[in-house]
Amino acid sequence: MDIEEFRKAGYDAIDRICEYYYSLREYPVVPQVQPGFLKKALPNTAPGAGEPWSNIVDDYTKLILPGLLHFQHPLNFSYFPIQSTFAGTLGDLLAGSAPTPSLSWFVGPASTELENVVMDWAAKMLGLDRVFHVESNIGGGVIQTSASESMLVSVVAARTRYLLAHPMTPIESLLIYVTSQTHSCGRKAGLVLGLNVRVLDVDEPTRVGGGLDAETLRVALDEDHAAGLAPFVLITTVGTTTSGAVDNVADVGALLKTSYPDVWMHVDAAWAGVVLACPEYRERAQLAGINAYADSFCTNFHKWGLVNFECSALWVRDRQRLIEALEYTPPYLRTKQGDAGDTVEYRNWHLGLCRRFRSLKMWFVLRSYGLNGFQGYIRNCIAMNHMFAKQVCATPSFELVSPPSFALTVFRIVPRAGAPNGTANKLNRVFYDALLARSSEVLLTQTELGGVFCVRFCVGSSRTTPADVEDAWNIVCEVGETVRARFGKGLPN
Ligand SMILES: *Cc1c(COP(=O)(O)O)cnc(C)c1O
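Fair warning: this is a prediction, and the values are worked out from it, not measured in the lab.

1. A look at the overall build of the protein chain
Piece 1. Each helix and strand in the protein chain was counted, giving 16 helices and 11 strands.
Piece 2. Here the C-alpha radius of gyration of the protein chain, 24 Å, is about what a compact globule of 493 residues would show, namely 23 Å.
Piece 3. Judged by the C-alpha coordinates and their principal axes, the protein chain covers about 75 × 70 × 45 Å.
Piece 4. Going through the 493 residues of the protein chain one by one, you find that 51% of them count as buried.
Piece 5. Long-range pairs, those at least 24 residues apart, make up 74% of the contacts in the protein chain between residues at least 6 apart in sequence.
Piece 6. Summed over all atoms, the accessible surface of the protein chain reaches about 22000 Å², with 57% contributed by carbon and sulfur.

Right under this line is the structure:
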């Protein structure tokens, strides 16, 4: 391709991106396709001769786009948001065009230092203590691919710290602590590392919607220590996946610090951590506890933080803990600057060696939104969620299952008076199936909380407006009433 052809193809691709953004509303939220649809449409080997670019990109528009679940759709209220913004998209495009593997400062001076800078910008925006800033030279921030990897890296650092302090510990006595509401990646970390996981139960009905408290933790720690086991890391969560619950990070952290200082505390705030940008949510989101006690803290800017996938921000209190767990430098990776110790060598802060230039899109997003724009977006999402939650509360046929948390509402329908006991779960499954039948118009997802089947509604698309929330509520209501009417006199088998 010569430069003119390249330019033309580039303009065309940007046009397609713009058209996609501005026609999102016209797509069904969930693609109306069946498994195997794409395989049927594509040849089963790559072409022998290269094809013209226009054919390739036409197929993208014709075959691929209609087969995606559109996370940015204004009526997508499922799971947690996954963001893409113009600034993020262009950041990704430019980063991809100038590959810099950043395996050392020497290989990626600008990408490494930009990551230092944006992680400090973000730390300050969220109110994280200076010890977590790269410029403190004590802790620091690094962009990982996912909250799962951020957690895995933290657990590895915790294990190394523990084993250095207690070298005689048998590996099989090591324990990772998670709660019954910790994201599945907590247990996955145990699987990957071949370590035992203890699940602290926070699910009893009296506590639905609440998080881990210090007493539950103390009982478990005392028990395990008495049994000769070695809990070495606790995963806490600010904004659990099921209900947005918040663990009592301050109390739990204080207990660890006074009685079990060898236990590392990781705070997983993959979804909700970005609310810390708004001072009014800092108390609820446990900022003081994080600043006082967290050894590591993670929030995904690619979830509710306007940055394109992947961009998981991880901050640690003491960078040496990561480095002593992950550093291995053969001769071919040594550099003058690395040897002098004046640079951040991010390969020792994550699992891989080479890394994508992710800080560019984060820089673009933080600059183009500014703190005010970022806060405005978060506040809007929360306000729209409250609109929805208010409707749930005001409608006798619906109820909240847990208190609304930031931009998440967990709710269900209430059976009609006279319906047999214990039918609520069955009824709600039918309700959710009926809602799923409308998934071209609106998407919500299901979950279970302490044995209660419920439906989650989460606002996060930067394109969602109050009118969309109104539309979503009307569909939810209509479907709910139909289902209740159908099963008013008895329930399906
Ligand atoms: C989404 C989520 C995760 C997993 O995030 P990945 O980046 O996909 O690994 C972990 N914890 C919480 C609380 C989450 O919301």
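2. Here we look at the side chain of Ser 405
Piece 1. With respect to the secondary-structure elements, Ser 405 resides in the loop between strand S8 (398-400) and strand S9 (408-413).
Piece 2. Judged by its relative accessible area of 1%, Ser 405 falls in the buried class.
Piece 3. A polar atom in the side chain of Ser 405 sits 2.6 Å from the backbone oxygen of Gly 244.
Piece 4. For Ser 405, the side chain forms a polar contact with the side chain of Arg 284, separated by 3.1 Å.

3. Some words on the nonpolar core
Where a protein is soluble and globular, its nonpolar side chains tend to be buried together.
Piece 1. Of all hydrophobic cores here, the largest spans 103 residues; its most connected members are Phe 301, Trp 304, Trp 315, Met 362, Phe 406, Phe 411 and Phe 431.
Piece 2. Counting residues per element, this core draws most heavily on helix H14 (residues 359-394), at 12 residues.
Piece 3. When residues of this core are assigned to domains, at least three map to each of domain 2 (100-356) and domain 3 (367-490).
Piece 4. The residues contacting Met 362, other than those within four sequence positions of it, are Val 118, Met 119, Ala 122, Ile 143, Phe 301, Val 307 and Cys 311.
Piece 5. One finds Val 153, Ala 157, Ala 189 and Leu 314 within the second-largest nonpolar core, a separate group that totals 33 residues.

4. Section: the site of the ligand
Piece 1. Taken together, 14 residues surround the ligand, and among them Ala 147, Ser 148, Asp 268, Asn 300 and Lys 303 come closest.
Piece 2. The separation between a nitrogen atom of the ligand and a polar side-chain atom of Asp 268 is 2.6 Å.
Piece 3. For the ligand, whose accessible area on its own is 390 Å², the fraction buried by protein is 87%.
Piece 4. For the shell around the ligand, the elements supplying multiple residues, two or more each, are helix H6 (147-165) and helix H11 (301-304).
Piece 5. Across the shell around the ligand, the residue classes break down as five nonpolar, seven polar and two charged.

5. Some thoughts on the domain arrangement of the protein chain
Interfaces are frequently sized by the accessible area removed from exposure as the parts join.
Piece 1. Examined at the domain level, the protein chain breaks down into domain 1 (3-68), domain 2 (100-356) and domain 3 (367-490).
Piece 2. The straight-line distance from the C-alpha centre of domain 2 to that of domain 3 is 31 Å.
Piece 3. Counting residues at the interface gives 27 residues for domain 2, matched by 26 residues for domain 3.
Piece 4. Between domain 2 and domain 3 the total buried area reaches about 2100 Å² when both faces are included, carbon and sulfur atoms providing 72% of it.
Piece 5. On the domain 2 side of the contact with domain 3, Thr 242, Trp 304 and Leu 306 bury the most area, a combined 32% of that side's loss.
Piece 6. At the junction of domain 2 and domain 3, the tally comes to one salt bridge.
Piece 7. Ionic pairing is found between Arg 379 and Glu 280, a salt bridge with its closest N-O pair at 2.6 Å.
Piece 8. On the surface where domain 2 and domain 3 come into contact, there are seven residue pairs in polar contact (both at pLDDT 80 or more).
Piece 9. For the side of domain 2 that touches domain 3, the secondary-structure elements that each account for two or more residues are helix H5 (109-126) and H11.

6. Let's talk about a nonpolar patch on the surface
Piece 1. On the surface, Met 1, Phe 6, Trp 53 and Ile 56 cluster together into a nonpolar patch covering about 470 Å² of accessible area.
Piece 2. Locating Met 1 in the fold gives a position in the segment before helix H1 (3-22).
Piece 3. Under the relative-accessibility criterion, Met 1 is labelled exposed at 67%.

7. Here we look at the sheet that holds strand S5 (residues 264-268)
Piece 1. Here seven strands make up an open sheet; going across it, the order is S1-S7-S6-S5-S4-S2-S3 and the pairing mixed. Whereas interior strands pair on both sides, the edge strands pair on one side only; in this sheet they are strand S1 (140-144) and strand S3 (196-200). Here the average twist between neighbouring strands, direction ignored, is 20 degrees.
Piece 2. Relative to strand S7 (residues 312-316), strand S6 (residues 296-300) runs antiparallel, the two sharing five bridges. Of the residues in S7, the one forming a bridge with Asn 300 is Ser 312.
Piece 3. Each of strand S4 (230-237) and S5 is contacted by helix H9 (residues 249-259), which is oriented at about 165 degrees to S5, the strand it contacts most.

8. Details of the packing of H1 against helix H4 (residues 86-97)
Piece 1. In contact at an axis separation of 12 Å, H1 and H4 are set at 155 degrees when each is read in the N-to-C sense. If you check the angle between H1 and H4, you find them roughly antiparallel. Crossing handedness for the pair H1 and H4: right-handed. Contact with H1, carried on its side by Ile 14, Ile 17, Cys 18, Tyr 21 and Tyr 22, involves Phe 86, Thr 89, Leu 90 and Leu 93 of H4 and no other residues of that element.
Piece 2. Residue classes in the contact of H1 with H4 are distributed as eight nonpolar, one polar and no charged.

9. Describing the sheet that holds strand S10 (residues 445-449)
Piece 1. Read across the sheet, four strands follow the order S8-S9-S11-S10 without closing on themselves; strand pairing throughout is antiparallel. Single-partner strands in this sheet number two, and they are S8 and S10. Pairwise comparison of adjacent strand axes, ignoring direction, gives a mean angle of 45 degrees for this sheet.
Piece 2. Sheet analysis places S10 next to strand S11 (residues 452-458), joined by five bridges and oriented antiparallel. By the bridge assignment for S11, Leu 449 is matched with Val 452.
Piece 3. Across the sheet, helix H15 (residues 424-436) touches S8, S9, S10 and S11, and the angle it forms with S11 is around 35 degrees.

What counts, and where the lines are drawn
- Residues numbered from 1 in each chain as written.
- Predicted model: local features only at pLDDT ≥ 70, side-chain atom pairs only at ≥ 80, totals over all residues.
- Heavy atoms only, no water.
- Helix = DSSP H or I, 4+ residues; strand = E, 2+ residues; numbered from the N terminus.
- Rg over C-alpha atoms; globule rule 2.2 N^0.38 Å.
- Buried < 20%, exposed > 50% of the residue type's maximum accessible area, 1.4 Å probe, protein only.
- Contact = heavy atoms within 4.5 Å.
- Areas by Shrake-Rupley, 256 points an atom, 1.4 Å probe, with all protein chains shown as cover.
- Polar contact = N/O pair within 3.5 Å; in protein donor to acceptor, adjacent residues only side chain to side chain.
- Core = buried A, V, L, I, M, F, W, Y, C linked by side-chain atoms within 4.5 Å.
- Domains from an automatic or database assignment.
- Near = heavy atom within 4 Å.
- Nonpolar A, V, L, I, M, F, W, Y, C, P; charged D, E, K, R; others polar.
- Buried area = accessible area lost by both parts, 1.4 Å probe.
- Salt bridge = Lys/Arg side-chain N within 4 Å of Asp/Glu carboxyl O.
- Patch = residues over 30% accessible without salt bridge, like charges linked within 9 Å, V, L, I, M, F, W, Y side chains within 5 Å.
- Pairing = 2+ DSSP bridges.
- Axes fitted to C-alpha atoms, helices over the stretch in contact; angles between N-to-C directions.
- Parallel < 35°, antiparallel > 145°, perpendicular 65-115°, else oblique.
- Left-handed = near helix turned anticlockwise from the far one by under 90°.

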